[in-house]
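# What the coordinates show
Listed below are the residues making up each chain.
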Amino acid sequence: MMPVRKPNEGAMSDLMTKKLAISQWLSRLLALLMLGSLVSLGSAATAGASEPNPDAGTEGVTQPAVEAVAPVSCFSPTPHQFTDVDTDDYYDQAVSWLLESGITGGVTADRYGPNVNVSRGQMAMFLWKNAGSPEPSQPHSFGDVAADAYYNTAVSWLVGEGITGGVAEGRYGPNVNVSRGQMAVFLHTAAGSPAPLAPHSFTDVAADAYYNTAVSWLVGTGITAARGPEATMAEPKPTRAKMA
């Protein structure tokens, strides 16, 4: 006898399947985000520039080789030994998982650097690597991205895919740190610009903000949520702690 399925059971199943696929994609992306963001702590003082200034800050970046993520439990990873991450920090367990999975070794042997920001140059690399490092369809035309820059090919790919248009005419702003609003758009666009499951409830994200739809999508997938009544979505810069 065939089992009887409730009228909306199929729709719910499809929704859960889509959310799972998105979550898996984002897990791979965030793993690469942490892999690529080994920024020296000594450069943190110059890494806090605000958009849209494309000349802000120069960061010392170490680009590690990309390795497969080990199958480590994110619920019970081996505790890390970083001295700048306390056991009661909200990102403590996530950092332990990143370390055990071989995604990051920290900014030094004993420091994770939770407050270090992520630049637009690094962001280009993260997205490009997550896509499998494909060959760009054409070179970019940004005057502030040198041909020998480690993110040059990645930026060309982003432009070719329509993921970014830069911070101004002819400028990508590789050393500018991405804001939460920009990060939302990067992730949403790279994921194929899917329709949000529902509108967000942030009071500081205007309906006509360029990142409004992207923020709704992030909230719907459970990637972010309002951080209190005075939460700001666009201004704070994503850090290694938040990425974890």
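Look a little higher up for the structure.
These numbers were taken from a predicted model, which means no experiment stands behind them.

### Quick word on the overall build of the protein
Helix and strand content of the protein: 7 helices and 2 strands. Going from N to C terminus, the protein has its helices and strands arranged as α-β-β-α-α-α-α-α-α. Within the span of the protein, comprising 244 residues, buried residues form 45% of the whole. Looking at the protein as shown, the accessible area adds up to about 12600 Å², and 55% of this sits on carbon and sulfur atoms.

### Observations regarding the side chain of Gln122
Among the structural elements, Gln122 can be located in helix 3 (residues 120-130). A residue is classified by how much of its surface remains accessible, and Gln122, at 0% relative accessible area, is buried. Within the local environment of Gln122, its side chain forms a polar contact with the backbone nitrogen of Ser119, the two atoms lying 2.9 Å apart.

### What to know about the packing of aromatic side chains
Here a ring pair, both rings aromatic, is described through the centre-centre distance and the interplanar angle of the planes. Inspection of the entire model under this criterion finds 5 aromatic pairs. Ring geometry for Phe142 versus Tyr172: centroids 5.6 Å apart, planes at 45 degrees, classification tilted. Of this pair, Phe142 sits in the loop between helix 3 and helix 4 (152-160) while Tyr172 sits in the loop between helix 4 and helix 5 (180-190), placing them 30 residues apart in sequence. When sorted by exposure, Phe142 lands in the same class as Tyr172, which is buried. Each ring, one from Tyr210 and one from Tyr211, has its centre 4.8 Å from the other, and the planes form 85 degrees; the classification is edge-to-face. Exposure remark for Tyr211: the relative accessible area of 11% places this residue in the buried category. Cation over ring: Arg120 sits above Tyr172, and NZ or CZ is 4.4 Å from the ring centre.

### Thoughts on the packing of helix 3 against helix 4
Direction vectors running N to C along helix 3 and helix 4 enclose 70 degrees, while the axes themselves pass 8 Å from each other. When the interaxial angle is binned, helix 3 and helix 4 end up roughly perpendicular. Contacts between helix 3 and helix 4 involve Ala124, Met125, Leu127 and Trp128 from the first element and Thr153, Ala154, Val155, Trp157 and Leu158 from the second. Considered class by class, the residues forming the contact of helix 3 with helix 4 number 8 nonpolar, 1 polar and no charged.

Rules of the game
- Residues numbered from 1 in each chain as written.
- Predicted model: local features only at pLDDT ≥ 70, side-chain atom pairs only at ≥ 80, totals over all residues.
- Heavy atoms only, no water.
- Helix = DSSP H or I, 4+ residues; strand = E, 2+ residues; numbered from the N terminus.
- Buried < 20%, exposed > 50% of the residue type's maximum accessible area, 1.4 Å probe, protein only.
- Areas by Shrake-Rupley, 256 points an atom, 1.4 Å probe, with all protein chains shown as cover.
- Polar contact = N/O pair within 3.5 Å; in protein donor to acceptor, adjacent residues only side chain to side chain.
- Phe/Tyr/Trp six-rings, centres within 6.5 Å; stacked < 30°, edge-to-face > 60°.
- Lys NZ or Arg CZ within 6 Å of the ring centre and 35° of its normal.
- Axes fitted to C-alpha atoms, helices over the stretch in contact; angles between N-to-C directions.
- Parallel < 35°, antiparallel > 145°, perpendicular 65-115°, else oblique.
- Contact = heavy atoms within 4.5 Å.
- Nonpolar A, V, L, I, M, F, W, Y, C, P; charged D, E, K, R; others polar.

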